[in-house]
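Descriptive structure summary
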Amino acid sequence: MARLFIVTPAGAGTPNGNRHTALRWATLLRAGGHRVRVDVAWRGEPCDALIALHARRSHESIARYGALSKQPLIVALTGTDLYRDLPESAQARRSLALADRVIVLQEAALEALSAPVRRKARVVYQSADPRLAHRPPKAPFRAAVIAHLRAEKDPLRAAAALAHLPGAKLEVVHAGEALDPRLGAQARRWTAREPRYRWLRGVPHRRALGWIARSHVLVVSSVMEGGANVICEAARIGTPVLASRVAGNIGMLGAGYPGYYALGDDAALARLLARAMQERAFYHELRAALHERRARFAPMAERRALHSVVRELLH
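Model, not experiment: these values are computed from the prediction.

Things to note about unusual backbone geometry
- The amide bond that connects Ala 139 to the next residue, Pro 140, takes the cis arrangement and shows omega of -5 degrees.
- Positionally, Pro 140 belongs in the loop between β6 (121-123) and β7 (141-146).
- For Arg 131, which is not glycine, the phi dihedral falls at a positive 55 degrees.
- Tracing the backbone through its elements, the reader meets Arg 131 in the loop between β6 and β7.

Encoded structure:
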């Protein structure tokens, strides 16, 4: 049994994927017999290994640990780490240089790493256990968006796609807090002028899962993703995904997945929505392709992968 310390820059109560990942990993590692503490910073507490989420934002803890401890260091990379910070932040690159192991959340992330970092990188897919069945309504055709309103998520792309589908009997249901006030104002304007768009604002996680289960498709329109947990949830429920063609989504869904559209292209997203709504064969193709990925998002798979990384360093 090891003493593990998880650093996440997202504090308690933060509606943030990093916080959810840290808490889920703590649960999975405790189930394997480890003692685990989660905090926003490491300040010298004794531990057998440190796991730091976010190379740039956790750099202060990472650098302190590197200077004061001889124990192993694991750095987990998020979407903003991979696709924004690494090219620009010397701190992020230094964090990876100090790490004994690097965790990425989907397979395409390996391509964004330098060869020395790639050699010590391991893929740990996130998992979900929603215990819900896919039961969309007969009508209207419903697309769910589960994303906080911030620029990295391009969260209003599905709302914009409705303008290319005049008269179509479908609705977009969007759950997510307005972390960016400007995007919140845009969502309110869409709500006022487009009756087929419903912005629910922030909802409890269980309600968000319910909307995924009761929708025909889930739209993941992100500009950058380390490995969207909402894709894991949709795959485990059985709800087909329509996703922007960005590396983080491709790494989760596979290069051959049929449900991609060009990033930022609401007309292309509208065409996918129309196909999913009107072409039964295409809809079944989406379901079958997502089902092929389902097993890698199981909690036991994430637990095995996570424990494997820890064992490499402690045994």
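Further notes follow.
Brief notes about the environment of Val 36
- For Val 36, the location among the structural elements is in strand β2 (residues 35-39).
- The spacing of Val 36 and Pro 87 is 51 residues in sequence and 32 Å in space, taken between C-alpha atoms.
- Here Val 36 is in contact with Leu 4, Ile 6, Ala 26, Leu 29 and Arg 30, once residues within four sequence places are set aside.

Examining the pairing of strand β10 (residues 217-220)
- Side chains Val 217 and Val 219 of β10 all project onto a buried face; the interleaved residues Leu 218 and Val 220 project onto the opposite face, where all are buried too.
- Relative to strand β11 (residues 241-244), β10 runs parallel, the two being bridged by 3 bridges. The partner of Val 219 across the bridge, within β11, is Leu 242.
- Assessed by its sense of winding, the connection that carries the chain from β10 through helix α9 (residues 229-237) to β11 is right-handed.

Considering the pairing of strand β1 (residues 3-7)
- Within β1, 4 of the 5 residues are buried, which leaves it mostly tucked inside the rest of the structure.
- For β1 and strand β3 (residues 49-53), the ladder comprises 4 bridges, and the chain directions are parallel. Counted as the bridge partner of Ile 6 is Ile 51 from β3.

About the cut-offs
Residues numbered from 1 in each chain as written. Predicted model: local features only at pLDDT ≥ 70, side-chain atom pairs only at ≥ 80, totals over all residues. Heavy atoms only, no water. Helix = DSSP H or I, 4+ residues; strand = E, 2+ residues; numbered from the N terminus. Contact = heavy atoms within 4.5 Å. Buried < 20%, exposed > 50% of the residue type's maximum accessible area, 1.4 Å probe, protein only. Pairing = 2+ DSSP bridges. Right-handed = clockwise from strand over helix to strand, strands pointing away.

Everything listed here is a matter of geometry and, on its own, says nothing about what the molecule does.
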